[in-house]
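Working through the structure, step by step
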Amino acid sequence: MSQQGYVATPPYSQSQPGIGGFSTGFGPPTSSLLYGHYGDPNSSYSAPQTGMSKSTVPFGSSAPVGPPPPGAHQFSQTNLQNGPSTPGQQPHRFQGPPPPNCTGSSYPSYSHQSQPAYPNTASSSSTTQLANQLNTMQINNYGPGATQSSCMSSGHPASFQGPQPPPPLAQQQMALPLGSQIPPPANNVNGLCAQPSLPPMARQDGIPGSGPPNANLQQLPGQPPGPGYHPQQANYGPQMAGAQLSYPGAFPGGPAQLSGPQQKKLDPDSIPSPIQVIENDKTSRGGQIYATNTRGQVPPLVTTDCIIQDQGHASPRYIRCTTYCFPCSSDMAKQARVPLAAVIKPFAIVPANENNKPPKPPAYIFMIDVSYRNINSGLVKLICDELKTLLDKLPREEQEESSAIKVGFVTYNKVLHFFNVKSNLAQPQMMVVSDVGEVFVPLLDGFLVNFQESRSVINNLLDQIPEMFADTNESETVFAPVIQAGMEALKTAECAGKLFIFHSSLPTAEAPGKLRNRDDKKLLNTDKEKTLFQPQVNFYETLARDCVANGCCVDLFLFPNQYVDVASMGLVTMYTGGTLYKYNNFQLNSDSPQFLSDLRKDIEKKPGFDAIMRVRTSTGFRATDFFGDIYMNNTTDVEMAAVDCDKAVTVEFKHDDKLNEDSGALIQCAVLYTSVSGQRRLRIHNIGLNCSSQLADIYKTCETDALINLFAKSAFKAILSQPLKTVREILVNQTAHMLACYRKNCASPSAVSQLILPDAMKVLPVYMNCLLKSCVLVSRPEIPMDERAYHRQLVMSMGVADTQLFFYPQLLPIHSLDLKNDTVPAAVRCSEERLTEAGAFFLANGLNMFLWLGVNMAPELIQGLFNVPSFAHISTEATLLPDLDNPYSKKLRSIMEHIQSQKPYTMKLMIVKQREQPDMLFRQFLVEDKSIYGGASYVDFLCCVHREICQLLN
């Protein structure tokens, strides 16, 4: 069937030769191309398919099942029936002839319970025992009007009748009308993409919808599916087969040179705008109720605020999918080459009521590097002073008066110092462990204590630590033995927990895990570059595995002023579900607010400990690959020493049989974990997706934001085993294949010179280009290796909203503030063309904040924000805005606080004045422009993708 889409003029109207590795016609490659799959060592897991039609296991008779949450259904088997259909939404109309309407079919609804109680088990249950519990669990789903007695009294499964989803939505397209014809470029070793121009864009109609709009839901772009990534064996996986494509801008150099006549410039406003897509969705769906009672519906974008009404399927806060309609066969999936994946954030913040059964609570151990540099900089005193306040804010259950979490303290340099802070002591006692080769815990009684009971002794200790090491000259440190000691302490106490490690230098002292400086710029752009992302020694992988087995999570706060090998030191943090923070060249006055804010948020989080997650599916497909801050000892169990509200696991699926349009595709995520009070609990999320034999249905339900999350994580894993050039080429190839399949099978007939983009994926090229230009995938000596490894690790645990902002920052024109109401200025596109000398712009990407000031900005704005008389008087040294009592200051600080509150990391503000040195740093975040490190502009990349599509179709 044909579908309307976005259409654009390509850079070249002539036929192009096929891409290496592909046949001349569009179809399967001549070689076995593992499209988009990167051979990562521990990431490729082939999980056996497990059906979801039944999930039963007897709960122990003594195990209480908590009261049903408000408005829920309970059933012991999935006995589902078709319900009434729900009207679909009318599509937005574009000018042009409509193609034939799509047809849909009915299918059953599927309900879920997000937080059922689980029988109390020991916190120290082994992985095998926990896996068995998950294998044999019974799903309890509560629905409106149900009671516990009525649900549990019968041995027969309860029937659940729910509504049907709306008919398939009409697809929209955008047309970029024919412009100047550009001859094919001469062969160029620098890459495929030069700088041809594209003509302006126009729109064509979509297909009329088959029913009236749904009041509860407004359909949105979703995500497309494709064959799963095959498991890799080998050390870090074998090399990837497939076409070798070049990247625009010819990484890492500049753009390729183009032969032929000079082309007229393309108006940037004529190509798809992420800002417009985001704002359109906010306009159409912002503030509305999104009910999850319909299978396969596409949720609002992550950038749209709405009210989630849980009516059976998992909230998009928990699960977002790359597409909400899976192809019915693997052949169809291979043809579309759209990944089938779900981004799962099992501990996303939502109101929840849970039972309280306190066996052994977790413990927090604070481990402070007291080497010369940390003492001299004042960092140790800063940490100790802050802990005296923060320990009152340890996470607790809502019904508890105080936290059940116990605390312990260790300091270290070349040796380790354990402290006895038992409540009956007058003074804390120190015990030194100097044998760091065979670390042991010198005491148990008095090491892990209740803060409320030992408050005076702990405060005494925190006062003494800076003085105790004030005269130290020791500059060498150990690192791995510190983690070993903390893990052994938790193991001896038979509880799970978290280590908070504050460290500043490369661990060069003689001890297990000793590291050397291996920051070798000569390895960039070679096959050995991938080794810089791998741990330097195998010891850290073994240590990470032991930590996960013992429920020991590691949060690492780094304060480096030179290379510290983040790829090695951060490995344990990544595998244990911990969080890595890094403060380069830490200065007490300017960097303390950012660090203390991160520390407060980290300590106050309410994580689940010693967690095991399983993802089950209905018949016909299975989970194959898992991406995140996780460890997997087998192909089915995702293990996390801890998981919190900011951690997301991305799961990719693969067909192993045909799917049925009537029954759909069902996904269940079950997480078994220990609560902050020590209770063993089970959290379950279920979601149902549509299935279709029509490719158009797949494309129109795609969610681009979730797609980029998957592509980023899979690419960032791939660089452990593949050259960066190969990884970049695979990303370009994947983009071209998805869009070529849409053009060939779904779009209305049009001139070859037009680029056609599905409406739901019209900003995929700009987001993909942002990913390709990220510092992780760009090999340049100017970018510190530690910074690249740090960004790689952060992205691996991000949810969809975080990767969306990270790769395409938010840029707000502050000079357009409306002081009469609470509205935020509409965001503008991330391009230098949007900046004005008379303006002021605020930019945020989740890690950084900038306030860019034009040289001719209004005096009243200067006075209102900085309380100085002129532009020349503005200081760029400040990292916080002054707290002024005027409308400009209050409004901007309110906007910044709101954006900050939604992100896991505290963003340090940098004030940038136009035409001064930091201006170049700011412009790196204007992602639609050409990068100073060689990345292509949005326009150039769009031309590159179009040329690749034409080659595939020819």
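Residues numbered from 1 in each chain as written. Predicted model: local features only at pLDDT ≥ 70, side-chain atom pairs only at ≥ 80, totals over all residues. Heavy atoms only, no water.

**Looking at the overall build of the protein**
Broken down by element type, the protein carries 22 helices and 29 strands. Counting all 954 residues of the protein, 64% fall into the buried class. A separation threshold of at least 6 residues defines the contact pool for the protein, and within that pool the share at least 24 residues apart is 82%. Carbon and sulfur atoms make up 49% of the accessible area of the protein, which totals about 33400 Å². (Helix = DSSP H or I, 4+ residues; strand = E, 2+ residues; numbered from the N terminus. Buried < 20%, exposed > 50% of the residue type's maximum accessible area, 1.4 Å probe, protein only. Contact = heavy atoms within 4.5 Å. Areas by Shrake-Rupley, 256 points an atom, 1.4 Å probe, with all protein chains shown as cover.)

**Quick word on the confidence of the model for the protein**
Taken residue by residue, the protein gives an average pLDDT of 77. The fraction at 70 or more is 71%. Within the model, the stretch residues 1–172 combines pLDDT values under 50 with 563 contacts to residues more than four positions away or in other chains. Confidence over residues 175–259 falls short of pLDDT 50; this stretch has 370 contacts with residues more than four positions distant or in other chains. (pLDDT = per-residue confidence, 0-100.)

**Digging into the pattern of salt bridges**
Summed over all chains, the structure comprises 36 salt bridges. The shortest N-O distance in the salt bridge between arginine 780 and glutamate 782 comes to 3.3 Å. With a relative accessible area of 19%, arginine 780 lands in the buried category. Taking relative accessible area as the criterion, glutamate 782 reaches 44% and is therefore assigned partly exposed. Through salt bridges with shared partners, a single ionic network connects Lys381, Asp385, Lys388 and Asp463. (Salt bridge = Lys/Arg side-chain N within 4 Å of Asp/Glu carboxyl O.)

**Structural notes on the sheet that holds strand β26 (residues 810–813)**
Reading across the sheet, the four strands line up as β26-β27-β28-β29 and stay open at both edges, with mixed pairing between neighbours. For this open sheet the edge positions go to β26 and β29 (908–913), each flanked by a neighbour on one side alone. The sheet shows a mean angle of 20° between the axes of neighbouring strands, direction not considered. The pairing of strand β28 (residues 848–853) with β29 spans six bridges and is classified as parallel. Pairing of tryptophan 852 across the sheet is with valine 912, part of β29. (Pairing = 2+ DSSP bridges. Axes fitted to C-alpha atoms, helices over the stretch in contact; angles between N-to-C directions.)

**Digging into the packing of helix α14 (residues 704–718) against helix α18 (residues 800–807)**
Packing of α14 against α18 brings their axes to within 9 Å, and their N-to-C directions diverge by 80°. Between α14 and α18, the angle falls in the class roughly perpendicular. Residues Asp705, Ala706, Ile708, Asn709, Ala712 and Phe716 of α14 touch α18, and the partners they reach there are Val800, Thr803, Gln804 and Phe807. Taken together, the residues of the contact of α14 with α18 sort by class into six nonpolar, three polar and one charged. (Parallel < 35°, antiparallel > 145°, perpendicular 65-115°, else oblique. Nonpolar A, V, L, I, M, F, W, Y, C, P; charged D, E, K, R; others polar.)

**Concerning the sheet that holds strand β22 (residues 649–655)**
Strand order in the open sheet formed by four strands is β8-β10-β22-β20, with antiparallel pairing between adjacent strands. A single partner strand is all that each edge strand has here, and the edge strands are β8 (319–321) and β20 (621–627). Here the strands of the sheet are splayed against their neighbours by 25° on average, with no regard to which way each runs. Pairing of β20 with β22 involves six bridges; the strand directions are antiparallel. Residue pairing across strands places aspartate 625 opposite glutamate 652, the latter belonging to β22. With respect to the sheet, α14 is in contact with β8, β10 (340–344), β20 and β22, its orientation differing from that of β20 by roughly 60°.

**Re the side chain of serine 797**
Assignment of secondary structure puts serine 797 in the loop between α17 (785–796) and α18. Exposure remark for serine 797: the relative accessible area of 7% places this residue in the buried category. Other than its neighbours up to four places away in sequence, serine 797 contacts Asp629, Asp646, Lys647, Ala648 and Lys713.

**Topic: helix α22 (residues 938–953)**
With 16 residues, α22 extends 23 Å from end C-alpha to end C-alpha; this agrees with the ideal 22 Å at 1.5 Å per step. Here α22 lies mainly inside the structure; 15 of its 16 residues are buried. (Expected span 1.5 Å × (residues − 1).)

**What to know about the nonpolar core**
Formed by 215 residues in total, the largest nonpolar core has its most connected members in Phe366, Val407, Phe409, Ile501, Phe502, Phe595 and Phe842. In terms of residue count, the dominant contributor to this core is helix α15 (residues 724–745) (ten residues). Here phenylalanine 842 is in contact with Gln810, Leu811, Leu812, Ile814, Met849, Phe850, Leu851, Met896, Ile899 and Leu909, once residues within four sequence places are set aside. Ile344, Val638, Ala665 and Tyr673 belong to the second-largest nonpolar core, a separate cluster that totals 36 residues. (Core = buried A, V, L, I, M, F, W, Y, C linked by side-chain atoms within 4.5 Å.)

**A short note on the packing of aromatic side chains**
Each aromatic ring pair is summarised here by two numbers: the centre-to-centre distance and the angle between the ring planes. Applying the stated criterion across every chain yields a total of 29 aromatic pairs. Ring centres 6.2 Å apart and planes at 90° place the aromatic pair phenylalanine 539 and tyrosine 540 in the edge-to-face group. Aromatic pair phenylalanine 586 and phenylalanine 595: ring centres 6.2 Å apart, planes at 90°, arrangement edge-to-face. Judged by relative accessible area, which is 0%, phenylalanine 595 ranks as buried. Arginine 683 extends its terminal NZ or CZ atom over the ring of phenylalanine 347, reaching a point 4.7 Å from the ring centre. Lying across the ring of phenylalanine 871, lysine 913 places its NZ or CZ 4.7 Å from the centre. (Phe/Tyr/Trp six-rings, centres within 6.5 Å; stacked < 30°, edge-to-face > 60°. Lys NZ or Arg CZ within 6 Å of the ring centre and 35° of its normal.)

**Some thoughts on the environment of serine 875**
Of note, serine 875 is situated in the loop between α19 (859–866) and α20 (887–901). Taking the relative accessible area as the measure of exposure, serine 875 reaches 41% and is therefore partly exposed. Counting along the chain gives 36 residues from serine 875 to isoleucine 911, while the straight-line C-alpha distance between them is 8.0 Å. A polar contact is formed between the side chain of serine 875 and the backbone nitrogen of glutamate 877, at a distance of 3.2 Å. (Polar contact = N/O pair within 3.5 Å; in protein donor to acceptor, adjacent residues only side chain to side chain.)

**Here's the deal with unusual backbone geometry**
What you tend to see is this: most non-glycine residues have negative phi, and most peptide bonds are trans. One non-glycine residue with positive phi stands out, namely aspartate 565, at about 60°. With respect to the element layout, aspartate 565 can be found in the loop between β17 (552–558) and α10 (566–569). Located in the positive-phi region is asparagine 585, a residue other than glycine, with phi close to 50°.

**Quick look at a nonpolar patch on the surface**
Nonpolar side chains collect at one region of the surface, where Met430, Val432 and Met468 lie side by side and expose about 240 Å² of accessible area between them. Position of valine 432 relative to the elements: it lies in strand β14 (residues 429–433). Valine 432 gets classed as partly exposed once you look at its relative accessible area, which sits at 47%. (Patch = residues over 30% accessible without salt bridge, like charges linked within 9 Å, V, L, I, M, F, W, Y side chains within 5 Å.)

**Brief notes about the environment of lysine 521**
Secondary-structure assignment places lysine 521 in the loop between β16 (497–503) and α9 (539–549). Classification of lysine 521 by relative accessible area gives partly exposed; the value is 36%. C-alpha separation for the pair lysine 521 and leucine 532, spaced eleven residues apart in sequence, amounts to 10.0 Å. Ignoring sequence-local partners within four residues, the contact set of lysine 521 consists of Pro781, Ile783, Pro784 and Met785.

**Notes on the side chain of lysine 913**
With respect to the helices and strands, lysine 913 occurs in strand β29. On the basis of relative accessible area, lysine 913 is assigned to the buried category, the value being 6%. At 3.3 Å, the side chain of lysine 913 forms a polar contact with the backbone oxygen of isoleucine 874. Among all residues touching lysine 913, those that are not within four sequence positions of it are Leu853, Phe871, Ala872, Ile874, Thr876 and Asp919.

**A few points about the packing of helix α16 (residues 764–772) against α22**
One can describe the packing of α16 onto α22 by two numbers: an axis separation of 9 Å at closest approach and a directional angle of 110°. The pairing of α16 with α22 is recorded here as roughly perpendicular in orientation. Of α22, the residues touching α16 (which contributes Pro765, Val766, Met768, Asn769 and Leu772) are Tyr938, Phe941 and Leu942. In the contact of α16 with α22, the residues fall into seven nonpolar, one polar and no charged.

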